[in-house]
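In case you want the letters, here they are:
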Amino acid sequence: MKNLAIIIGSGIGGLSTAVRLLSKGYNVEIYEKEKTIGGRTNQRVHSPFTFDLTASLLMNREIYEEVFNYANVNYEDYLEFIKVDPTYRCFYPNDIHYDFSTDLVSLIKTLESISSKDSIGYMKLLSEIYERYVIANENFLQKSFENKLDFFNASTLAKALKTKTFSTSHELISNYINDENLRKSLYYQALYVGVSPYEGPSIYTLIPVVCQLYGLWHLKGGMYSYVKALEKVISHLGGKIITDYTVDEILISNGRAVGIKSKNKKEIFGDLVISNADFPYTMDKLIKNDIYKEKYTPIKLNNLKYSCSTFIIYLGLKKKYPILSVHNLFLNDNFKENVDFAFTGHLPTEPSFYMYCPTKIDSTMIEIQGECLNIVVRVPNLFFHTITWDDTTIKLLRDKILYTIEKINGLEDIESNILYESYFTPKDLKDSFNSYGGTAFGLSPTLTQTNYFRPHLKSDTIKNLYFVGSSVHPGPGVSIVLLSSKLLVQEILSNL
Ligand SMILES: Cc1cc2nc3c(=O)[nH]c(=O)nc-3n(C[C@H](O)[C@H](O)[C@H](O)COP(=O)(O)OP(=O)(O)OC[C@H]3O[C@@H](n4cnc5c(N)ncnc54)[C@H](O)[C@@H]3O)c2cc1C
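None of the values given here were measured: they were computed from a predicted structure.

Trainee: Is there a simple way to explain the sheet that holds strand β9 (residues 240-242) in this structure?
Mentor: By way of backbone hydrogen bonds, the strands of a sheet pair with one another, either parallel or antiparallel. The strand order across the open sheet built from 5 strands is β9-β2-β1-β13-β19, with neighbouring strands paired in parallel fashion. Where the open sheet ends on each side, the last strands, each with one partner, are β9 and β19 (465-467). Pairwise comparison of adjacent strand axes, ignoring direction, gives a mean angle of 20 degrees for this sheet. Packing of helix α1 (residues 12-23) onto the sheet brings it into contact with β1 (4-8), β2 (27-31), β9 and β13 (272-275), and relative to β2 it is tilted by some 165 degrees.

See the structure below:
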């Protein structure tokens, strides 16, 4: 008889693990609390508009393809990648904007329009970070750290030192770049994993460098088409996805995970249990017996560091806006205050934000002549009890954001062209997907919460219990979570 793997949650981590295990001969059943699959990588459809709920920046395209290759499936039968160029359009107050392209000639033109000193500095920064990225990718992102000796050995520690992560992104970038606007466009990208560029390790400068050197991609139909593709492969390989099933407990017998329990549904038993639900939530709510919690008792969970959250406005517009690119950043003068506020419990006074406009290159996401626009602002997570996400807060923040957008040349009349408008708050992240503390990216990937120090893929205390997703090794982001499923399945197979 084939082994049955029970997966809690149908986020990117759960779905990709299912594909890999099915291709290795496991039976797989996924139990998802929501009515739709995909977790945070979800979508919101309101005809004639289709919005990606959260994730939109597709980096490291080959990691997305690898899941399909692993299962011997041709990804081209399921997915269509479209190159995004320019990768970013960055707007600043006083009508300044720069386009950043992966084409070196266009890029140099943009940089030289800022200054030749910054142009040279940018190239030096690229080469410095690229070197660190190669080390980090080979030695940390693609390796699991289940045992102390996996990390604490001379070779790995020497490689860790070579990544020189002890400075902050802010310190590293400002060593090479003088122009404050250019700096801000690089700092902002460290926020993609929910850490402050002024506090977090400089290793996250590799995000803008990966965008620059490997490019950004869009999937036809939006990021959710990746979820739909994984769903089709799972069904084709004989896996089952059961939605509307909230797991309330992981069943443990003699120190071994044996199944799952839901208040109103029947218990399910299997050979191994994998939780894709956010790791701290899993430890807090799904493991009932404290003797199994060890490093992750409620008090210890409270002492961990968590990423910030996001507030999103979805606008369905009845007019095309040529000034917008696919990925746009608006970086305000008081950018540092904005960032600090997201990590100290305050809402931005004059927000900086990211605007995603997929309809620039993808007509399948809209049925009229218009645009779908996601506006994303970094805000505090729910561990700060300073903000109540009610209609008043939402209206206040929404008005500030629209007021700022309307000052951008070419976007002045946006408000009068809105056909559809809705929001997504930290509270929604918590209520919909059990994202612990309503964070956007789970446990913060600080130095003391990465590699061996991040929660492991295999439970240290319960046999046959595994974890996959943003809050475990290697960390947050769709492509990194896809790597997490690869490392997890290696671990499961090696335990056989
Ligand atoms: C606003 C925002 C923007 C982002 N932008 C990007 C981006 O541009 N590019 C990028 O690469 N990444 C981005 N990310 C990060 C990326 O979306 C996440 O890292 C990734 O989707 C997380 O996947 P996951 O598998 O860890 O878990 P999740 O998506 O959290 O999935 C967990 C699943 O478990 C389910 N679940 C929870 N509890 C239970 C239970 N008790 N019973 C049953 N099911 C349960 C949940 O409903 C959910 O479906 C963004 C995230 C946010 C929030």
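Trainee: Sorry if this is basic, but what is going on with the pattern of salt bridges here?
Mentor: Pairing between side chains of opposite charge can happen when the charged atoms of each approach one another. All chains considered together, the criterion is met by 21 salt bridges. In this structure, aspartate 460 and lysine 295 form a salt bridge, with 3.7 Å as the shortest nitrogen-oxygen distance. Here the residue aspartate 460 occupies a position in the loop between α15 (426-433) and β19, and lysine 295 occupies one in the loop between α11 (279-286) and α12 (298-302), the gap between them amounting to 165 residues. On the accessibility criterion, aspartate 460 (46% relative accessible area) is partly exposed. Taken together, the shared-partner salt bridges connect Lys395, Arg398, Asp399, Glu415 and Glu421 into one network.

Trainee: Would you mind showing me how to read the packing of helix α2 (residues 61-70) against helix α16 (residues 478-495) here?
Mentor: Two numbers describe a pair of packed helices, the interaxial angle and the distance between the axes. At a minimum axis distance of 9 Å, the contact between α2 and α16 shows a crossing angle of 35 degrees. The residues of α16 that touch α2, namely those facing Ile63, Tyr64, Glu66, Val67 and Tyr70, are Val478, Ser479, Leu482, Leu483, Lys486, Val489 and Leu493. Classifying every residue of the contact of α2 with α16 by side-chain character gives 9 nonpolar, 1 polar and 2 charged.

Trainee: What is the right way to look at the side chain of arginine 183 in this model?
Mentor: Here arginine 183 lies in helix α8 (residues 180-190). On the basis of relative accessibility, which here comes to 15%, the residue arginine 183 falls in the buried class. From its side chain, arginine 183 meets the backbone oxygen of isoleucine 177 in a polar contact 2.6 Å long.

Trainee: Could you clarify how one ought to interpret the packing of aromatic side chains in this entry?
Mentor: Each aromatic ring pair is characterised by the separation of its centres together with the angle its planes make. Within the structure shown, the criterion is met by 25 aromatic pairs. Here tyrosine 306 and tyrosine 436 contribute two aromatic rings whose centre-to-centre distance is 5.9 Å and whose plane-to-plane angle is 50 degrees, an arrangement assigned as tilted. Taken as a pair, tyrosine 306 in the loop between α12 and β14 (309-317) and tyrosine 436 in the loop between α15 and β19 lie far apart in primary sequence, 130 residues in all. In this structure tyrosine 306 comes out as buried when scored by relative accessible area, which is 12%. What makes tyrosine 436 buried here is its relative accessible area of 14%. With a centroid separation of 6.1 Å and 10 degrees between ring planes, the pair formed by phenylalanine 311 and tyrosine 423 is classed as stacked. On the criterion of sequence distance, the pair formed by phenylalanine 311 in strand β14 and tyrosine 423 in strand β18 (residues 418-424) is long-range, its members being 112 residues apart. With relative accessibility at 0%, the residue phenylalanine 311 sits in the buried group. Ring pairing ties together the aromatic residues Tyr187, Tyr188, Tyr192, Tyr198 and Phe335, which thus form one cluster. Note that lysine 336 overlies the ring of tyrosine 198, its terminal NZ or CZ placed 4.9 Å from the centroid.

Trainee: Please explain the site of the ligand as it appears in this structure.
Mentor: Every one of the 36 residues lining the ligand counts as a neighbour, but Gly13, Glu32, Arg40, Thr41 and Leu57 are closest to it. Isoleucine 12 places a polar main-chain atom, nitrogen or oxygen, 3.3 Å from an oxygen atom of the ligand. At 3.0 Å from an oxygen atom of the ligand is found a main-chain nitrogen or oxygen belonging to serine 56. For the ligand, whose unbound accessible area comes to 1000 Å², protein coverage reaches 96%. Mapped by element, the contributors of at least two residues to the shell around the ligand are α1, β14, α15 and α16. When its residues are assigned to classes, the shell around the ligand shows 15 nonpolar, 17 polar and 4 charged. Split by domain, the shell around the ligand shows at least three residues from each of two domains, domain 1 (4-79 + 221-304 + 446-495) and domain 3 (306-433).

Trainee: When you look at the domain arrangement of the protein in this model, what are you seeing that I'm missing?
Mentor: Think of interface size as the accessible area that goes away when the parts come together; that is how it is often given. By domain assignment, the protein separates into domain 1 (4-79 + 221-304 + 446-495), domain 2 (104-214) and domain 3 (306-433). The straight-line distance from the C-alpha centre of domain 2 to that of domain 3 is 26 Å. Listed as interface residues are 12 residues of domain 2 and, on the opposing side, 15 residues of domain 3. Per-residue buried area on domain 2 facing domain 3 is highest for Lys184, Tyr188 and Tyr198; these three make up 54% of the total on that side.

What counts, and at which threshold
Residue positions within a chain follow its written sequence, with the count starting from 1. Note on the predicted model: pLDDT of at least 70 is required for a residue's local features to be given, and 80 or more for side-chain atom pairs to be given and counted; whole-chain, interface and lining totals, by contrast, use all residues. Working from all heavy atoms in the structure, the side-chain values ignore hydrogens and water. Here a strand pair is declared whenever DSSP counts at least two bridges between the two strands. Per the convention used, a helix needs a DSSP run of H or I reaching at least four residues, while a strand needs a run of E reaching at least two, with both numbered from the N terminus. Whenever a helix is involved, its axis is fitted only over the stretch in contact; in every case the axis is a line through C-alpha atoms, and angles between N-to-C directions fall within 0 to 180 degrees. In this analysis, two residues are considered to be in contact whenever any of their non-hydrogen atoms come within 4.5 Å of each other. The working definition used for a salt bridge is a side-chain nitrogen of Lys or Arg within 4 Å of a carboxyl oxygen of Asp or Glu. For the exposure calls, accessible area comes from a 1.4 Å probe over protein chains only, and a residue counts as buried if that area is under 20% of its type's maximum, exposed if over 50%, partly exposed in between. Only Asp, Glu, Lys and Arg are considered charged in this grouping, and only Ala, Val, Leu, Ile, Met, Phe, Trp, Tyr, Cys and Pro are considered nonpolar; every other residue, Gly among them, is considered polar. Counted as a polar contact is a pair of N or O atoms within 3.5 Å, where, for protein atoms, one must be capable of donating a hydrogen and the other of accepting one, and residues adjacent in sequence contribute only when both atoms are in side chains. Two aromatic rings, drawn from Phe, Tyr or Trp (for Trp, its six-membered ring), form a pair once their centres lie within 6.5 Å of each other, and the interplanar angle then sorts them: stacked below 30 degrees, edge-to-face above 60, tilted otherwise. Working rule: Lys NZ or Arg CZ, within 6 Å of ring centre, within 35 degrees of ring normal, means a charge sits over the ring. Distances are taken per atom, and a residue is near a molecule or strand as soon as one of its heavy atoms is within 4 Å of it. Methods summary: accessible areas were calculated by the Shrake-Rupley approach with a probe of 1.4 Å, and residue burial reflects only the protein chains presented. Start and end points for every domain follow an automatic or database-based domain assignment. Note: buried area is the sum, over both parts, of the accessible area (probe 1.4 Å) each one loses when the two are combined.

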